[in-house]
Amino acid sequence: MSFEIRKIVSYVEETFIEGGKASDTPVTMVGLAVVLKNPWLGRGFVEDLKPEIRANCSDLGALMVERLVGIIGGAEKIEAYGKAAVVGADGEIEHASAIIHTLRFGNHYREAVNAKSYLSFTNKRGGPGTSIQIPMMHKDDEGLRSHYITLEMHIEDSPRADEIVVVLGCADGGRLHPRIGNRYIDLEELAAEKAQ
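In this text the structure is predicted, and so the values were computed from the model without any measurement. (Residues numbered from 1 in each chain as written. Predicted model: local features only at pLDDT ≥ 70, side-chain atom pairs only at ≥ 80, totals over all residues. Heavy atoms only, no water.)

## Things to note about the overall build of the chain
Next up, step 1: Scanning the chain from N- to C-terminus turns up four helices and seven strands.
Next up, step 2: When its helices and strands are written in sequence order, the chain yields β-β-α-β-α-α-β-β-β-β-α.
Next up, step 3: Projected onto its principal axes, the C-alpha positions of the chain cover 60 × 40 × 30 Å.
Next up, step 4: Here the chain holds 196 residues, and the buried ones make up 46% of them.
Next up, step 5: Of the roughly 10,000 Å² that the chain leaves accessible, carbon and sulfur atoms contribute 50%.
Next up, step 6: Looking at the chain, you have 22 positive and 29 negative side-chain charges, and the mean spots of the two groups are 2 Å apart. (Helix = DSSP H or I, 4+ residues; strand = E, 2+ residues; numbered from the N terminus. Buried < 20%, exposed > 50% of the residue type's maximum accessible area, 1.4 Å probe, protein only. Areas by Shrake-Rupley, 256 points an atom, 1.4 Å probe, with all protein chains shown as cover. Lys, Arg positive; Asp, Glu negative; His and termini not counted. Charge placed at Lys NZ, Arg CZ, Asp CG, Glu CD.)

So this is what it looks like as structure tokens:
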């Protein structure tokens, strides 16, 4: 058994100027979305979602990672990464979660980019054209705030009520001109304040 894929959509965004200031190095963000038929729909409340997860999620993860890495120009270019899923109106949030929150799916991405961080995510319900947010963080360091970025995209006709949109996102850098420091600086400052 394999997921029934209706379409695959890619989105590329390059940012050259932020806050009125140009950057020497633009940041490229890529989103890759697969629109598939919800395999659990029309069967009532399905208690065990694992047969479809075991049968399909690894192949889907491998397909998506290969395409995403190809679009950005190689796994070595990816610094930030994330994932998202949107289930159509007739499905459950659990159906979207079942696909993206499994190691069978996510490990393909983590291994391809040699990541240490977990994949940040969103999962929600929406209709055709709904906003899809893909939150990202640095693949090796969850505390590096410069790479807390979100790619937003939409697909005009997706998801239909009986579909799920599964998305992977990546970026070849963090925000342009980051100036808020990182989590480690905050911890040092708070510790210093308490010591006074």
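## Side note on the pattern of salt bridges
Next up, step 1: Inspection of every chain in the model, using the stated rule, returns seven salt bridges.
Next up, step 2: The closest approach of N and O atoms between Lys 7 and Asp 157, which form a salt bridge, is 3.1 Å. Of the two residues, Lys 7 sits in strand β1 (residues 5-18) while Asp 157 sits in the loop between β6 (149-153) and β7 (163-171), which places them 150 residues apart along the sequence.
Next up, step 3: Judged by its relative accessible area of 27%, Asp 157 is partly exposed.
Next up, step 4: Measuring nitrogen to oxygen at the nearest pair gives 3.0 Å for the salt bridge that ties Glu 52 to Arg 43.
Next up, step 5: By relative accessible area, Glu 52 is classed as buried at 7%.
Next up, step 6: With relative accessibility at 43%, the residue Arg 43 sits in the partly exposed group.
Next up, step 7: A network of salt bridges, in which partner residues are shared, links Arg 6, Lys 7, Asp 157 and Glu 163. (Salt bridge = Lys/Arg side-chain N within 4 Å of Asp/Glu carboxyl O.)

## Digging into unusual backbone geometry
Next up, step 1: A cis amide bond links Ser 158 to the next residue, Pro 159, at an omega of 0°.
Next up, step 2: Topologically, Pro 159 is positioned in the loop between β6 and β7.
Next up, step 3: Of note, the phi angle at Asn 114 is positive, near 50°, even though the residue is not glycine.
Next up, step 4: Exposure remark for Asn 114: the relative accessible area of 60% places this residue in the exposed category.
Next up, step 5: The backbone phi angle of His 177 is positive, close to 55°, even though this residue is not glycine.

## Remarks on the pairing of β6
Next up, step 1: The side-chain alternation of β6 yields one buried face, formed by Ile 149, Leu 151 and Met 153, and one unburied face, formed by Thr 150 and Glu 152.
Next up, step 2: With five bridges joining them, strand β5 (residues 132-138) and β6 adopt antiparallel strand pairing. Considered in β6, the bridge of Pro 135 is made with Thr 150. (Pairing = 2+ DSSP bridges.)

## What about helix α1 (residues 50-72)?
Next up, step 1: With 23 residues, α1 should reach 33 Å at 1.5 Å per residue; the first-to-last C-alpha distance of 32 Å fits that figure.
Next up, step 2: Asn 56 marks where α1 bends most, by close to 40°.
Next up, step 3: Along its buried surface, α1 packs onto β1, β2 (21-37), α2 (93-100), α3 (103-112) and β7.
Next up, step 4: Phi turns positive, to about 100°, at Gly 73, one or two residues after α1. (Expected span 1.5 Å × (residues − 1). Bend = angle between axes of the 7 residues up to and from the residue. Contact = heavy atoms within 4.5 Å.)

## Notes on the environment of Leu 68
Next up, step 1: Within the fold, Leu 68 resides in helix α1.
Next up, step 2: Excluding anything up to four places from it in sequence, Leu 68 contacts Val 30, Gly 31, Leu 32, Tyr 109, Leu 168, Gly 169 and Cys 170.

## Quick word on the environment of Ile 53
Next up, step 1: In this structure, Ile 53 sits in helix α1.
Next up, step 2: With 47 residues separating them along the chain, Ile 53 and Ile 100 place their C-alpha atoms 9.5 Å apart.
Next up, step 3: If sequence neighbours within four positions are ignored, Ile 53 has contacts with Trp 40, Ala 98, Thr 102 and Arg 104.

## Re the environment of Ala 98
Next up, step 1: Mapped onto the secondary structure, Ala 98 falls in helix α2.
Next up, step 2: Judged by relative accessible area, Ala 98 falls into the buried class, the value being 7%.
Next up, step 3: When the C-alpha positions of Ala 98 and Asp 141 are compared, they lie 26 Å apart, and in sequence the two are 43 residues distant.

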